[in-house]
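Chain and residue survey
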Amino acid sequence: MMRSRWSVLLAMTAAALAIGHWPASAAPRAANPVAMFDTDHDGTLDLMEVKKAASASFAKLDRDHDGTLDKRELAGRLSAKELAAADPDHDGTLTLDEYLAVVEQRFNAANPEADGTLDAKELNGKAGRALLRLLK
């Protein structure tokens, strides 16, 4: 009887320790923004990969499924001033095309040498971090 309780306690302790513990392969990927979105696994992000990630983010953020993102849905990603600048029809929302236009502008800002790709160093800069806010 005592051995059974010990086994259960040991199993519960092991399970508790495992909760929240990242598998070795998951931790670096989560910490590396390039790895999160690099679908061709070349160590950089191109505009197509960034727009694909941005489209997925848009769909996730569009909680009311109306095909637009409003100020509330964009919270923390764009300031009111940035939203106004990105909203050519001045309706207070961004369509997917308008959102992707902002993403492309931020991609270009993060890519000063204009080589068409972003690496981890570029994503760590101010412009790169601004872009990443739109992808997560």
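Residues numbered from 1 in each chain as written. Predicted model: local features only at pLDDT ≥ 70, side-chain atom pairs only at ≥ 80, totals over all residues. Heavy atoms only, no water.

Side note on the environment of K136
Keep this limit in mind: Think of it this way: any DSSP run of H or I at least four residues long counts as a helix, any run of E at least two long counts as a strand, and we number them from the N terminus. A contact between two residues is defined here by any heavy atoms of the two lying within 4.5 Å.
Position of K136 among the secondary structure elements: in the segment after α8 (126–135). Put simply, K136 and A53 are 83 residues apart on the chain and 8.0 Å apart in space, counted from C-alpha to C-alpha. Setting aside anything within four residues of it in sequence, one finds K136 in contact with M36, F37, S57, K60 and R77.

Thoughts on the pattern of salt bridges
For clarity, the threshold we go by: Any Lys or Arg side-chain nitrogen located within 4 Å of an Asp or Glu carboxyl oxygen qualifies as a salt bridge. Buried residues are those whose accessible area, probed at 1.4 Å on protein chains only, stays under 20% of the maximum for their type, while exposed residues exceed 50% and partly exposed ones sit between those limits.
Considering all chains together, one arrives at three salt bridges under this definition. With a shortest N-O distance of 2.9 Å, E104 and K51 are connected by a salt bridge. You can see E104 sitting in helix α6 (residues 96–110) and its partner K51 sitting in helix α4 (residues 47–61), a full 53 residues away along the chain. Taking relative accessible area as the criterion, E104 reaches 29% and is therefore assigned partly exposed.

Notes on α8
For α8, the full list of buried residues reads G128, A130, L131, L132, L134 and L135. In this structure, the buried residues of α8 make contact with α3 (33–37), α4, α6, β4 (117–118) and α7 (120–124).

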